[in-house]
Every structure is written in structure tokens, then in C-alpha cells.
Amino acid sequence: MSLPAQDNAWLRAMPWVFVLIWSTGFIVARFGMPHAPPMSFLAVRYALSILCFLPWIWVAGVKWPVNRAQWLHLSVTGVLMHAGYLGGVWAAVKAGMGSGLSALIVGIQPVLTAIWLSAMGGAEGRVSRRQWAGLLLGFAGLVLVVSRKFEHGGAGDHADWLNLSLAVLALFSITVGTLYQKRYVKACDVRSANTVQLLAALVVTLPLALLETESMRWNGELVGAMAWSVLGLTLGGSSLLYLLIQRGAAAKVTSLMYLVPPCTALIAWLLFDEPVTLFTVAGIALTALGVSLVIRPPKST
């Protein structure tokens, strides 16, 4: 039986809605960080997200992980993919890095993941010449964008060794977290899995938040950033990701991640007037070309 036209339209639009929501994570950081320290914001975000997931889990009758090993593995991925990744990104933005650059740096995560799996001689095979060429092009694009940020970074939008280190920490956290999850975490409901991960992230982030001397200054921008972080990113973004994977579109979801940096750069240009120069466009284009060479499947013979 064929699906109604509205359902078909929603299924076609779902990947693009996911990209748009995922891209706003960096924009939300830019809105929220002037009014709150990063760890305090994230601790509140994790706590509110857990409070949203718990009744959803109860009403839907979702099952929890069945053994301690799964709780442990999910906790490790939660520390890496939430506390490490989001903590690094938000701290980098708080330290003055622009949304587009932070998105570009962590946006090469799928490349690192694919290359690691290939280098380990798994099912993906060894790293081919085409993949190495893609890596070099992607790195060249990243260097091009970063070099312009060093030269022309203004107040509230600059790159230095502190925020670059924080962004790289975020990159490696989500890369290692993805590899760990692929290796150890068994398939389970995304709602209970996310809740366990968020609990672990909260345990790690809360002590860091208590060490921050800056207080949260609640106003319209901070409330809006928090609401979108919880409802849009955690509940909406995670749910769309779950639906896409459930429908057998995991490979397409991976490729969609590469659309996040340019989408973020465009939104940042519209909202914050972050410069999109020819160097920025060239860097993004080189990175996109390099990524396409890395992830493109070999021609069948």
C-alpha cells in the first residue's frame, strides 16, 4: 500500500530537516554563551533533557539496557559524545571561536572515523590513494579557513590556540565516541540510550560547572537557547536521527553530516554577520570535495 502524499513529502524532507536542526547546535552556542558559562549551560541542558526523556520512556513503555555492561558502554559514549564533544564546542565558542569555524573543525569527524576503520583493516579495507587524496584536500581546505580566521578574526570571532584546542578536543571526543559505540554498544531504543548517555554526561559536567565563577544570567536569549537545545536538538534532532537510521538510511545520514559546516556558516552569516569570504567558500569547497573522495564507494567491477 502506497503512503499518502504528505507522508512521502515528509520522508523526502526528513534528511534536510535533520541537517538544518543539527546545524543550529553551533548557532545556539553563539546565542547562549554571552549569558552563561559553558559547563553550567550544558549541565542544565542535560538535566532538562533527562526530565523530558523520562516521561516519554515511561509512557511509551521503552525498555532500559538489560545488563551492566551496556550501561557502562553507553556511559562511556555519553561522556565522549556529550560531555567531551559538546563541552569542547561550547567552550571554544565561549572563548571566541566563530560558529562556522567550529562546525568546520568538528565536521571532519566522519573522515577520521572512516580512515581509522580502513587503516585497521576492517570490512572497509585499507586506505586507498583516492581516500588519501581526499584527506589532503580536506585538510587544505581546513587550513585555508583557519588561516583567514587567524589573520582577520575580530572581537567575538577569532581563532587562537585555546579555542582551537577545545574544538580539536571536541573533534576527537566524538570520533572516539563513535568508534567506541560502533564496537561495543548493542542496538537499543534511542530514548533510553540517550538518557543513560545524558546521565553520564551530567555526572562529568556538573562538577566542572560548580567550578565556574560566572553565573547564568537568565534572559530571553538564554531561555530561547536552552529551550531549543533541549526540545529541538536533544529531542528533535536525536529523534530524526533515530528515524533515519531505522529506515535503513545510516549511510545517507553519515553523508548528511558533511552538509552541516556550510549550512552553519550560512546561518551564522545571516544571524551574526560572520564573514563568508572567497577564502571561506574555497576552504569549504575543498573540504567538501575531499570528504566526497573519502566516502565515495569504489566503482563496482
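Keep in mind it's a predicted model, so treat the numbers as computed, not measured.

Caption draft 1: Seen up close, the overall build of the chain. Within the chain, the regular secondary structure consists of 12 helices and zero strands. From first element to last, N terminus to C terminus, the chain shows the α and β order α-α-α-α-α-α-α-α-α-α-α-α. In the chain, buried positions account for 47% of the 301 residues. Taking the intrachain contacts of the chain between residues at least 6 apart in sequence as the baseline, contacts between residues at least 24 apart amount to 89%. About 15,500 Å² of surface is accessible on the chain, with carbon and sulfur atoms providing 70% of the total.

Caption draft 2: Structural context of the pattern of salt bridges. Per the stated rule, a full pass over the model turns up three salt bridges. The residue Lys94 makes a salt bridge to Glu214 at a minimum N-O spacing of 3.2 Å. Of the two residues, Lys94 sits in helix H3 (residues 68–94) while Glu214 sits in the loop between helix H8 (190–211) and helix H9 (220–246), which places them 120 residues apart along the sequence. The partner of Arg217 in a salt bridge is Glu214, with the nearest N and O atoms 3.1 Å apart. Bridged by salt links that share partners, the residues Lys94, Glu214 and Arg217 form one connected network.

Caption draft 3: Structural view of the side chain of His82. Examined against the element boundaries, His82 turns out to sit in helix H3. Leaving out residues up to four positions away in the same chain, His82 has contacts with Tyr46, Thr77, Gly87, Gln197, Leu198 and Ala201.

Caption draft 4: Local environment of the packing of helix H2 (residues 38–60) against H8. Across the interface, H2 lies against H8 with an axial gap of 9 Å and an inter-helix angle of 155°. Judged by the angle between their axes, H2 and H8 are roughly antiparallel. Helix-helix and strand crossings are classified by hand; for H2 and H8 the assignment is left-handed. Class assignment for the residues of the contact of H2 with H8 results in 18 nonpolar, six polar and one charged.

Caption draft 5: Structural view of the environment of Trp218. With respect to the helices, strands and loops of the structure, Trp218 is situated in the loop between H8 and H9. Linking Trp218 and Gly32, residues 186 residues apart in sequence, is a C-alpha distance of 9.8 Å. For Trp218, the contacting residues outside a window of four places in its chain are Val44, Val223 and Met226.

Caption draft 6: Up close: the packing of aromatic side chains. Within this structure, the stated rule accounts for five aromatic pairs. Between the aromatic rings of Phe18 and Trp22, the centroid separation amounts to 5.2 Å while the plane-to-plane angle is 35°, which identifies the pairing as tilted. Taken together, the residues span about one helical turn, with Phe18 and Trp22 both in helix H1 (residues 5–32) at a distance of four residues. Exposure remark for Phe18: the relative accessible area of 1% places this residue in the buried category. By relative accessible area, which is 24% here, Trp22 ends up partly exposed.

Caption draft 7: H2, seen in detail. Taking 1.5 Å per residue, 23 residues should reach 33 Å; H2 reaches 32 Å between its end C-alpha atoms and fits that length. Gly61 lies just past H2 and shows a positive phi near 65°.

Caption draft 8: Up close: a nonpolar patch on the surface. On the surface, a cluster of nonpolar side chains totalling about 640 Å² of accessible area is made up of Phe31, Leu266, Trp269, Leu270, Leu271, Val276 and Val281. For the nonpolar patch, the element with the most residues is helix H11 (residues 260–272), which contributes four residues. Tracing the sequence through the fold places Trp269 in helix H11.

Caption draft 9: Highlighting the confidence of the model for the chain. In the predicted model, the chain carries a mean pLDDT of 80, and 80% of its residues have values of at least 70. Across the chain, the secondary-structure element scoring lowest on mean pLDDT is helix H10 (residues 250–256), at 54, and the one scoring highest is H2, at 95.

Caption draft 10: Representation of the environment of Lys94 within the structure. When its relative accessible area of 29% is taken as the criterion, Lys94 is described as partly exposed. Put simply, Lys94 and Met33 are 61 residues apart on the chain and 5.5 Å apart in space, counted from C-alpha to C-alpha. Ignoring any residue separated from it by four or fewer positions in sequence, one finds Lys94 in contact with Met33, Pro34, Ala36, Pro38 and Glu214.

Caption draft 11: Main features of helix H7 (residues 161–184). When the terminal C-alpha atoms of H7 are compared, their 34 Å separation across 24 residues agrees well with the 34 Å that a helix rising 1.5 Å per residue should span. Listing the buried residues of H7 in full gives Asn163, Leu164, Ala167, Ala170, Leu171, Ser173, Ile174, Thr175, Gly177 and Leu179. Looking at where H7 begins, the residue whose side-chain oxygen comes 3.1 Å from the main-chain nitrogen of Leu162 is Asp160.

About the cut-offs
Here, residues in each chain are numbered from 1, in the same order as that chain's written sequence. Only residues with pLDDT of at least 70 get local features here, since the model is predicted, and only at 80 or more are side-chain atom pairs given and counted; chain-wide, interface and lining totals rely on the full set of residues. Here the side-chain values reflect all heavy atoms present in the structure, with hydrogen atoms and water set aside. Elements are defined by DSSP. Helices are runs of H or I of four residues or more, strands are runs of E of two residues or more, and each kind is numbered from the N terminus. Only protein chains enter the area calculation, which uses a 1.4 Å probe; residues under 20% of their type maximum are buried, those over 50% are exposed, and those in between are partly exposed. Contacts are assigned to residue pairs that have any heavy atoms within 4.5 Å of one another. Working definition of accessibility: Shrake-Rupley area with a 1.4 Å probe, residue cover restricted to the visible protein chains. What makes a salt bridge here is a side-chain nitrogen of Lys or Arg within 4 Å of a carboxyl oxygen of Asp or Glu, nothing more. Angles here are taken between N-to-C directions and fall from 0 to 180 degrees, while the axes themselves are lines fitted to C-alpha atoms, restricted in helices to the stretch in contact. Throughout this description, any angle smaller than 35 degrees is read as roughly parallel, any larger than 145 degrees as roughly antiparallel, any in the 65 to 115 degree range as roughly perpendicular, and the remainder as oblique. Handedness of each helix crossing follows the sense of rotation of the near helix against the far helix: counterclockwise by less than a right angle gives left-handed, clockwise gives right-handed. Gly is put with the polar residues, along with every residue not named as nonpolar or charged; the nonpolar set is Ala, Val, Leu, Ile, Met, Phe, Trp, Tyr, Cys and Pro, and the charged set is Asp, Glu, Lys and Arg. Each aromatic pair joins two rings of Phe, Tyr and Trp (for Trp, the six-membered one) with centres within 6.5 Å, and gets the label stacked for planes under 30 degrees apart, edge-to-face for over 60, and tilted for any other angle. The span you would expect from a helix comes to 1.5 Å times its residue count less one. Two distance rules govern patches: like charges are joined within 9 Å, and nonpolar side chains (Val, Leu, Ile, Met, Phe, Trp, Tyr) within 5 Å, applied only to residues with over 30% relative accessible area and no salt bridge. Within a predicted model, pLDDT stands for the predictor's per-residue confidence, ranging from 0 to 100. By the criterion applied in these results, polar contacts are pairs of N or O atoms within 3.5 Å in which, for protein atoms, one can donate a hydrogen and the other can accept it, and in which residues neighboring in sequence qualify only through two side-chain atoms.

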